[in-house]
Amino acid sequence: MPKALWIAHVEVTDPVAYARYAEGAGPAIAAHGGKFIARAARYVTLEGADRARHVVGVFPSLEAAEACYHSPEYQAALDHARGASVRDLVIVELVEDATL
């Protein structure tokens, strides 16, 4: 089963509330086998809307990443991000021969 990437583009509007999201999201992501491979690092926007924060996580599968998103633990954390950020989040399955 191919791994999947969790890709978020975020503009934080309330840093205090968003920090509470991050505190809960990290453990929820780890509990579903996810780990961060890029987070708030240097970036260049070549096309589309610019967001100040970009996060990429890798999960064992698309299903694991989606289960994480819908889990009670992640949803509890996400409650802090709602109203504290503008976010786009996608989960993308890796091609079978990709290595991470």
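Above: the structure in question.
Residues numbered from 1 in each chain as written. Predicted model: local features only at pLDDT ≥ 70, side-chain atom pairs only at ≥ 80, totals over all residues. Heavy atoms only, no water.

1. A look at the layout of surface pockets
Cut-off, in case you're wondering: Any residue with an atom within 4 Å of a point lines the site, the site being either a cavity, points on a 1 Å grid over the protein atoms alone where a 1.4 Å probe fits but cannot get out, or a pocket, an open set with protein on both sides within 12 Å along at least 5 of 7 lines. Grid points are joined across faces, edges and corners, and a volume is the space filled by probe spheres set on the points. Secondary structure is summarised from DSSP: a helix means a run of H or I of at least four residues, a strand means a run of E of at least two, and numbering begins at the N terminus for each.
By volume, the largest pocket is sized at about 150 Å³. Taken together, 14 residues make up the lining of the largest pocket; nearest its centre are Tyr 21, Phe 36, Arg 39, Arg 53 and Val 55. At the level of elements, strand E1 (4-12), helix H1 (15-31), strand E2 (35-39) and strand E3 (53-59) are the ones that each hand at least two residues to the lining of the largest pocket. Ranked by the residues each element gives to the lining of the largest pocket, the list is headed by H1, at 6 residues.

2. Let's talk about the nonpolar core
Our working definition: What we call a nonpolar core is a set of buried Ala, Val, Leu, Ile, Met, Phe, Trp, Tyr and Cys residues that are connected through their side-chain atoms within 4.5 Å. Using a 1.4 Å probe on the protein chains alone, a residue whose accessible area is under 20% of its type maximum counts as buried, one over 50% counts as exposed, and one in between counts as partly exposed. By definition in these notes, contact holds between two residues if any of their heavy atoms fall within 4.5 Å.
Residues Trp 6, Tyr 21, Ala 25, Ile 29, Phe 59, Cys 68 and Tyr 74 are the most contacted members of the largest nonpolar core, which totals 17 residues. Residue assignment for this core shows that the elements contributing at least two residues are E1, H1, E3, helix H2 (62-70) and helix H3 (72-81). A per-element tally of this core places H1 first, with 5 residues. Discounting residues that sit within four places of it in the chain, Phe 59 has contacts with Lys 3, Ala 4, Trp 6, Ile 29, His 32, Gly 33, Gly 34, Ala 64, Ala 65 and Cys 68.

3. Section: the pattern of salt bridges
Defined as follows: By definition here, a salt bridge exists when the distance from a side-chain nitrogen of Lys or Arg to a carboxyl oxygen of Asp or Glu is within 4 Å.
With the rule as written, the count across this model stands at 2 salt bridges. With a shortest N-O distance of 2.9 Å, Arg 51 and Asp 88 are connected by a salt bridge. Of this pair, Arg 51 sits in the loop between E2 and E3 while Asp 88 sits in strand E4 (residues 85-93); the two residues are 37 residues apart in sequence, bridging distant segments of the chain. Between Arg 82 and Asp 79 there is a salt bridge, with its nearest N and O atoms 2.7 Å apart. Take Arg 82: its relative accessible area is 45%, and that puts it in the partly exposed class.

4. Details of the packing of H1 against H3
Spelled out, the test is: Note on method: axes are straight lines fitted to C-alpha atoms, helices fitted across the in-contact stretch only, with angles between N-to-C directions ranging 0 to 180 degrees. Under this scheme an angle from 65 to 115 degrees is roughly perpendicular, one under 35 degrees roughly parallel, and one over 145 degrees roughly antiparallel; angles in between are oblique. Crossing chirality is assigned from the near helix's rotation relative to the far helix, an anticlockwise turn below a right angle marking it left-handed and a clockwise turn marking it right-handed. Polar here means any residue other than Ala, Val, Leu, Ile, Met, Phe, Trp, Tyr, Cys and Pro, which are nonpolar, and Asp, Glu, Lys and Arg, which are charged; Gly is therefore polar.
In the contact formed by H1 and H3, the axes pass within 7 Å of each other and the chain directions differ by 165°. As judged from the angle between their axes, H1 and H3 are roughly antiparallel. In the packing of H1 onto H3, the handedness of the crossing is left-handed. Side by side, H1 and H3 meet where Ala 17, Tyr 18, Arg 20, Tyr 21, Gly 24, Ala 25, Ala 28 and Ile 29 of the first sit next to Glu 73, Tyr 74, Ala 77, Leu 78, His 80 and Ala 81 of the second. Taken together, the residues of the contact of H1 with H3 break down into 10 nonpolar, 2 polar and 2 charged.

5. Regarding the sheet that holds E3
Operational definition: Strand pairing is assigned whenever DSSP identifies at least 2 bridges connecting the two strands.
An order of E2-E3-E1-E4 is seen for the 4 strands of this open sheet, with the pairing classed as antiparallel. The sheet is open, and its two edges are formed by E2 and E4, each paired on a single side. The average undirected angle you get between the axes of adjacent strands in this sheet is 20°. With 4 bridges connecting them, E2 and E3 associate as antiparallel partners. Looking at E3, one finds that Arg 39 is bridged to Val 55. Packed on one face of the sheet, H1 meets E1, E2, E3 and E4 and runs near 170° to E1.

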